[in-house]
Amino acid sequence: GGCRAPTPAPERPAAGDKRGEPLVCSLRPGIADPASFPRTAWRRAYERALTAAADADFDAGDPAGAFRLRAELSAYLWRMRAARVDVDRILVTAGRTQALSVIAATLRAAGSDAIGVETPGNPAAAECFRWHGVIPVPIRVDGHGLDVNELGRSGVVAALVTPAHQYPTGVVLAPERRRELIAWARRTGGLVIEDDRDAELRYDHKPSGCVQGLAPEQVMLIGSISATLAPALRLGWVVAPRTWCGHLRQARRLADGWGSTLEQLALAEFLAGSAYDRHVRRMRRALRERRDGLITAVRRYLPYGRIAGVSAGLHVLVELPGSIDDQALARRARTAGLDPIALSSLRIDPAGGGAGPAAHWYRSASGLLLGYSTQSPEDLARAVRLLSTCVARAEAPM
């Protein structure tokens, strides 16, 4: 009898966590470079925000977020992402994770108990939906992005997609797939949840516009500043179809009332003064140089690896021969002081217990995700050379 707490899931030590091994050179993907944070420009924006803040700004805030920030985000997202955004459709959140949590709770309240998610994909997003009682249904990703035909056969009425830079494969959702995805949503009354991750960090040419701009009544757009500024600021947003706005606002209010108004006003100042644009341009130049250095090292020390995806984001997927056990390799690399992620560990399973069905798998069964955002090209070359020494010991028997 009685109410017992569930057995906690084992935690994986974060990069540099003192509970784990010390890292020689972190290759952990998806990490923004903390050294690049524009401290001086942010301090000035914060001071301007404090000076201009009204007395009411120090009281309880609006669950939807500070109006000033929502107005600046509306202009920015239209200018940079071709999003169709009214101020009253924006919900400011404490980062991407809270955005997903609020959406999951709203879907569950609306009676939806399943959602299509990309596989390979982001296990943390799938876990978030599962925690809220929404079952993640794996939908295959290929070289053109999400397989919309498979999505249609799944029977779900909502789907989480990463069109700008799919995690982890790095592919961009092809134009025909975008049209098919919108057609699916309009035909079924379905909801597309567009995670706009890494959209601003495209290095070879201007990023394509978001899907939300093509169908604002069928698409929710999620974004954050974690990759471009810092996760520590805990600021993100959801741009919602009008029929979902009230429900999301209520879910946000019940989650934690409201966010940090002062941080939101500081970001509004940062956006208004073009400091954010200048910072993103600097980040693109630095990250492109680091990515190029990593790829050069991979071609030299891992010549059997295939670089997948477009030139964007904070990681590279290196597809490996099927004879290599990527999870064993990732463990050995961790022991050597590196921290890549094995591609095969990113299969999405609706039961939450490991790899999903083979029918829902990517073209390569083995690969490593390598991050490059926090290291110099020279350090990345040394790390990849060290990684290459781990490969022979991780090869599976033929």
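Residues numbered from 1 in each chain as written. Predicted model: local features only at pLDDT ≥ 70, side-chain atom pairs only at ≥ 80, totals over all residues. Heavy atoms only, no water.

### Regarding the pattern of salt bridges
- In total, this model carries 22 salt bridges according to the counting rule given.
- The partner of Asp277 in a salt bridge is Arg79, with the nearest N and O atoms 2.7 Å apart. Taken together, the residues Asp277 in helix α9 (residues 275–301) and Arg79 in helix α2 (residues 67–81) connect sequence positions 198 residues apart.
- The exposure class of Asp277 is buried, given its relative accessible area of 13%.
- Between Arg202 and Asp204 there is a salt bridge whose closest N-O contact spans 2.6 Å. (Salt bridge = Lys/Arg side-chain N within 4 Å of Asp/Glu carboxyl O. Helix = DSSP H or I, 4+ residues; strand = E, 2+ residues; numbered from the N terminus. Buried < 20%, exposed > 50% of the residue type's maximum accessible area, 1.4 Å probe, protein only.)

### Observations concerning the packing of helix α3 (residues 95–109) against helix α4 (residues 123–131)
- Orientation of α3 relative to α4, taken along the N-to-C sense of each, is 35°, at an axis distance of 9 Å. Between α3 and α4 lies a crossing whose hand is right-handed. Residue-level contacts link Thr97, Leu100, Ser101, Ile103, Ala104 and Leu107 of α3 to Ala125, Cys128 and Phe129 of α4.
- When its residues are assigned to classes, the contact of α3 with α4 shows seven nonpolar, two polar and no charged. (Axes fitted to C-alpha atoms, helices over the stretch in contact; angles between N-to-C directions. Left-handed = near helix turned anticlockwise from the far one by under 90°. Contact = heavy atoms within 4.5 Å. Nonpolar A, V, L, I, M, F, W, Y, C, P; charged D, E, K, R; others polar.)

### Description of a positive patch on the surface
- Residues Arg278, Arg281, Arg282 and Arg285 make up a contiguous surface patch of positive charge.
- Mapped onto the elements, Arg278 comes out in helix α9.
- Look at Arg278 and you get partly exposed, because its relative accessible area is 40%. (Patch = residues over 30% accessible without salt bridge, like charges linked within 9 Å, V, L, I, M, F, W, Y side chains within 5 Å. Areas by Shrake-Rupley, 256 points an atom, 1.4 Å probe, with all protein chains shown as cover. Lys, Arg positive; Asp, Glu negative; His and termini not counted. Charge placed at Lys NZ, Arg CZ, Asp CG, Glu CD.)

### A short note on α4
- Every buried residue of α4 is listed here: Ala125, Ala126, Cys128 and Phe129. The buried residues of α4 occupy one face: seen down the axis, they fall within an arc of 155°.
- At its buried positions, α4 is contacted by α3, β2 (114–119), β3 (135–142) and β5 (158–161).
- A side-chain oxygen of the first residue of α4 lies 3.0 Å from the backbone nitrogen of Ala124; this N-cap is Asn122.
- Phi turns positive, to about 85°, at Gly133, one or two residues after α4. (Arc of directions from axis to C-beta. Polar contact = N/O pair within 3.5 Å; in protein donor to acceptor, adjacent residues only side chain to side chain.)

### Some remarks on the environment of Ala49
- Secondary-structure assignment places Ala49 in helix α1 (residues 39–52).
- Residue Ala49 is classed as buried on the basis of its relative accessible area, which comes to 5%.
- Each residue touching Ala49, except ones within four places of it in the same chain, is listed here: Leu265, Ala266 and Glu269.

### Structural notes on the packing of aromatic side chains
- Tallied over the entire structure, the rule returns four aromatic pairs.
- Grouped by ring-pair contacts, the aromatic residues Phe37, Trp42, Tyr76, Phe270 and Tyr276 constitute a single cluster.
- Above the face of the Tyr167 ring, Arg197 is positioned so that its terminal group lies 4.8 Å from the ring centre. (Phe/Tyr/Trp six-rings, centres within 6.5 Å; stacked < 30°, edge-to-face > 60°. Lys NZ or Arg CZ within 6 Å of the ring centre and 35° of its normal.)

### Some points on the sheet that holds strand β4 (residues 145–146)
- If you trace the eight strands from one edge of the open sheet to the other, you get β1-β8-β7-β6-β5-β2-β3-β4, paired in mixed fashion. Each end of this open sheet is capped by a strand with a single partner; those strands are β1 (90–93) and β4.
- Pairing of β2 with β5 involves two bridges; the strand directions are parallel. Bridge pairing in β5 links Gly116 to Ala159.
- The strands that α2 touches are β1 and β8 (236–239); relative to β1, the one it contacts most, it runs at about 110°. (Pairing = 2+ DSSP bridges.)

This is a description of form; function is not addressed.
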